[in-house]
Amino acid sequence: MPSGKKKSKKGTQPVTGTDGRTTTTGTRAQAPPGGSFTPPTSSQPQAIQGSTPQQAAAGWQQTAASWTFWALSLRNPAVAAAASKHGSTWQEHNDFHTIGLLLPGHLDLVPKLLKLFPSIEELTAIIDAVAGDKGKALEALQKAGILALLATSVPRLTGLLKADVNDKLVQLQEPALEALHKVKPNEEIHLIRQLKASTLNTLVPVIGAARAKTYLNCLSPATLVSLEEHGELLAKMQPQDVKALIDAYGAEGFSILKQRPVADLELLAPQAALVSETFPEASEVMTHLKRISAEELLALCEGAGSANLQILLEHLDPKEIYQLARQPAKTIQHEASLLVNFGHKGIGWDELEVLGKDNAMAFAEANQGVKELAKKLKKFSGEWKQLDDASYSIGEALKILITNKKPAKARKIIKDSASAEKLHEAITAIAKLIEDKKQLREALASTPILRDGLTGKSIKQLVRAMTVPEAADFIKAVGDAANLNDLLAQGIEISYFKQLTGAHTATLFTKTDAKKIKALADNLTVVQLTEVVQNVPAQALTNLLGELSALQFADFVKVCGLQDVGAKKGLITLENKYTAASLKHYGHTFFNNLQGVTNATMQHVIDGDGIKTGVSGCHDRTKFMAQPGIAITSDIRRGVTAVYDVKYTIPPDTKVYIKTLIDNLNANKADWRRRATEALDDAIKNQQLTVGGKWSGASIDGYSLEGYYGSKTSHVMDTFYVS
Amino acid sequence: MPLADDILNDLEITARPGNIPGRLVELTGPNAPAPLLNFFNYLSPRALPPLVAALRAQRGFGHNEEGYDYLAAAASEEPATVAVYDFVGRVEMSAPAFQRLAARFLVQLVQVAAARQDAMLQQPWWEEFVQDTQALAEQAEI
């Protein structure tokens, strides 16, 4: 039972009202029959108030009952009608008059009041509760929505009125009241007392009073008040999460954080302390990391550690952070520690900008001379900055030097560079190597044949000049990795061999070694060498490359050509006729100019040049016998051949001359010219020829001939005769 | 200028590999003049008897484009000289040195022929040739 029952207990008994509800009743005064009342004679109700609510109520009951009822009946017939139904009861207790006094401005409500509070005791208790300040209570009831209040329980209403929350009640809107009504009265009062009216109106209807109470258990009233605009978010989140975030960032920070999806906030909340430590300024965090999910944000926190990550935040742009957040924790730590490292080395961010982040990291890892390097490069920054890709490679180059345990080399490069330009050159060269290595890695990854047997250097050379598939085909064609390694180790231009093709290169490897192949390439165009491989018979090529140096071979190819042109013999014929050894012995100039037997030769051999030291030339037997001044002492035929051995003197001298003659030489000079030519070829083949001197050889039909070559006229046989 | 005797004395005469008729030995030397080499190294078997006879008689001898001549001394006290020639040129030396060289050459040839039982041993002139060569060697005091 609500408060105020002290008065209602005076002899009251339960009665059944007109609406059938059971209520309490007691000794009640009956309304005057016929509804006529005498106007009151007392003063205004306000003048009758007592020092306590109870006293006041009693006074009202005694002095104003008839006046009030009269006023009610006059003003509102409906009131009178309603009252008449309960008239006896109300009159009996005089409480009816109190109602009338309390609600002079709200007579239209009286029927409802009467309907809602058939128990006069209850209504009286309400009035009692606020008797100390009835005007204020009335105002509260009025503004707060009397109906809503009245629709609730009496205990609640009386509790509210007693709890001195009238000021708040005045401001509360119906949704808030409804929401508050769903908690226990003491909790309701607690909420109203702790929170601003605006908060109650805004927040409580959204999240409900029960949740509001829970939040209030976690957060201070002031904090919760500050969150009144975020009701929807608070409704979705767990209070402990909100508390964690607010503890870490404060209400202001939470206001910024709330821009994130709820899922993010829920993920962040358990780590709020860590995040807060990492990002003391939440607003800054959110400015930088708008695109980063909470998961990534946490990764950053865990990966970098607070100090490092703060540096990252300060010096990386959001895009970089965004990318960094997607890296493994180790990477984040690494990059952050590098940036920290810069700080330790006194490198300003200006220098970092000059160097570029990637380069700077590499330089920092070099551990020495970084600042000096930055200074150098700063002077060079204009050009440096134009080298976006190159500068990245340079950084990569130094990185690789360092990661390959060669920091000393990196330091040396830096130290030894007298100028930024020099340094740039050095590092650019390294960058190229890095690019090569990159290609190498790609090649190795995609083509097993490149991995097997070939050195890294070889592969690097190959992929520099060819695509990976081309390189693979080339290697397959050559067929022997060791050979190819050897060839590439010679420092060849692989593009040359790309044109030569792997198949032709393979052919060369069947003939000679890598060193000579390289030398051939140095001395012959790729077209020339291709023609060699395609046209020179296999055995001949073997012989030639076996005997001749690459330079000699190249000279023969270039000077003599491969094929015969007219009477001029090409290399293929020369090798076949004279052997490679002879070609080596006499050289390309000899063969290129070789004329052999000429008409002059035949003239000398047939006609001779007269008597000098004996008869010079004139090996035609008939012509010799006709020589004047000689004396034949013997003339002996060699078997059945046309050859004669003659012995003669030139009187008066007794000096004996021996000479070989050929019968009918002049008549058969074509045959003998041929034999002489064959014999000369034989001499050359057997290296029995001295240029400018003697030669000896055999014709195909077996004549042993000899003579002289090139002593009178270069490249021409001087003479020949039978041995 | 005639060649120094030492040059001729230092020339080597060795058995020639192979089986070229009559050419059983070979004159070699790093500084050997071409006319000397061409004269001795291209002698045919038929030239041997008249050659040894000419040498013993200290007369000149010609063999196709090569040969030698005894040159008359300008003064009686000067030693005689020999000019050996081929198609291209000639070279002079003292007659005794040439005689010794020729004797050494022919003696070596006889020895190699005998050792190889060369076909020359069947020639009718062979025996006389050997005797003449012996006499030449004695004459040249080799």
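From a predicted model like this one, the values you see are computed outputs, not experimental measurements. Sequence order as written defines residue numbering, which begins from 1 separately in each chain. Chain letters start at A and ligand numbers start at 1, both assigned in the order the entries are written. This being a predicted model, a pLDDT of at least 70 is required before a residue's local features are given, and a value of 80 or more before pairs of side-chain atoms are given or counted; all residues contribute to the totals for chains, interfaces and linings.

## Some points on the sheet that holds strand β9 (residues 704–709) of chain A
Within a sheet, adjacent strands bond to each other through the backbone by hydrogen bonds, running parallel or antiparallel.
All names here are of chain A.
And then number 1: In spatial order, the strands read β8-β9-β10; together these three strands make up an open sheet with antiparallel pairing. Looking along the sheet, the strands with just one partner apiece sit at the ends: β8 (693–698) and β10 (717–722). Each neighbouring strand pair of the sheet contributes to a mean axis angle of 25 degrees, computed without reference to strand direction.
And then number 2: By definition, two strands form a pair when at least two bridges between them are found by DSSP. Helical segments are the DSSP runs of H or I of at least four residues, strand segments are the runs of E of at least two, and each set is numbered from the N terminus. Bridge count between β9 and β10: five bridges; the pairing is antiparallel. Bridged to E706 within β10 is Y721. Orientation is described by lines fitted to C-alpha atoms, with helices fitted over the stretch in contact, and by angles between N-to-C directions that extend from 0 to 180 degrees.

## Considerations on the nonpolar core
And then number 1: Core analysis: the largest hydrophobic core is formed by 117 residues, its most contacted members being F553, A676 and L680 of chain A together with L51, F105 and L106 of chain B.
And then number 2: Here this core spans two domains, since at least three of its residues come from each of domain 3 (437–565) and domain 4 (599–722) of chain A.
And then number 3: Contact between residues is assigned whenever the C-beta positions, reconstructed from backbone atoms, fall within 7 Å. Leave out the neighbours within four places in its chain, and L51 of chain B touches L43 and F61 of chain B.
And then number 4: Among the nonpolar cores identified, the runner-up in size contains 35 residues, and A212, L219, L257 and L265 of chain A belong to it. For this entry, the nonpolar core is defined as buried Ala, Val, Leu, Ile, Met, Phe, Trp, Tyr and Cys residues connected by C-beta atoms within 7 Å. For the exposure call, what matters is how many other C-beta atoms sit within 10 Å of a residue's own: 20 or more marks it buried, 12 or fewer exposed, and in between partly exposed, using C-beta atoms placed from the backbone. Domain start and stop points were drawn from an automatic or database domain assignment.

## Looking at unusual backbone geometry
Residues and elements named next belong to chain A.
And then number 1: Cis geometry is found at the peptide bond from P651 to P652, where omega equals 10 degrees.
And then number 2: You can see P652 is positioned in the loop between β6 (643–649) and β7 (656–662).
And then number 3: Phi is positive for Q687, which is not a glycine, with a value near 55 degrees.
And then number 4: Mapped onto the secondary structure, Q687 falls in the loop between α46 (669–685) and β8.

## Some remarks on the interface of chain A and chain B
And then number 1: The interface of chain A with chain B comprises 23 residues on the first partner and 19 residues on the second.
And then number 2: Contributions of two or more residues to the side of chain A that touches chain B are made by β6, β7, β8, β9 and β10 of chain A.
And then number 3: It is β7 of chain A that provides the largest number of residues to the side of chain A that touches chain B, a total of five residues.
And then number 4: When residue character is reported, Ala, Val, Leu, Ile, Met, Phe, Trp, Tyr, Cys and Pro are called nonpolar, Asp, Glu, Lys and Arg charged, and the others, Gly included, polar. Taken together, the residues of the side of chain A that touches chain B break down into five nonpolar, 11 polar and seven charged.
And then number 5: Examined bridge by bridge, β7 of chain A and strand β3 (residues 61–63) of chain B share three bridges and lie parallel to one another. Note that in β3 of chain B the partner of Y657 of chain A across the bridge is G62 of chain B.

## Remarks on the confidence of the model for chain A
And then number 1: Of the residues in chain A, 53% reach a pLDDT of 70 or more, and the chain-wide mean stands at 72.
And then number 2: Scored below 50 in pLDDT, residues 1–76 of chain A makes 147 contacts in the model with residues more than four places away or belonging to other chains. The pLDDT value tells you how sure the predictor is about a given residue, anywhere from 0 up to 100.

## What to know about the sheet that holds strand β5 (residues 81–85) of chain B
And then number 1: Read from one edge to the other, the open sheet built from seven strands follows the order β5(A)-β6(A)-β7(A)-β3(B)-β4(B)-β5(B)-β6(B), with strand pairing classed as mixed. Among the strands making up the open sheet, the edge pair consists of β5 (631–637) of chain A together with β6 (90–94) of chain B. Neighbouring strand axes in the sheet, compared pairwise and without regard to direction, differ in orientation by 20 degrees on average.
And then number 2: As judged from the three bridges shared by β3 of chain B and strand β4 (residues 66–71) of chain B, these two strands associate in the antiparallel manner. Paired with G62 of chain B across the two strands is G67 of chain B, which belongs to β4 of chain B.
And then number 3: Its contacts with the sheet put helix α4 (residues 95–116) of chain B on β4, β5 and β6 of chain B, and the angle it makes with β6 of chain B is roughly 100 degrees.

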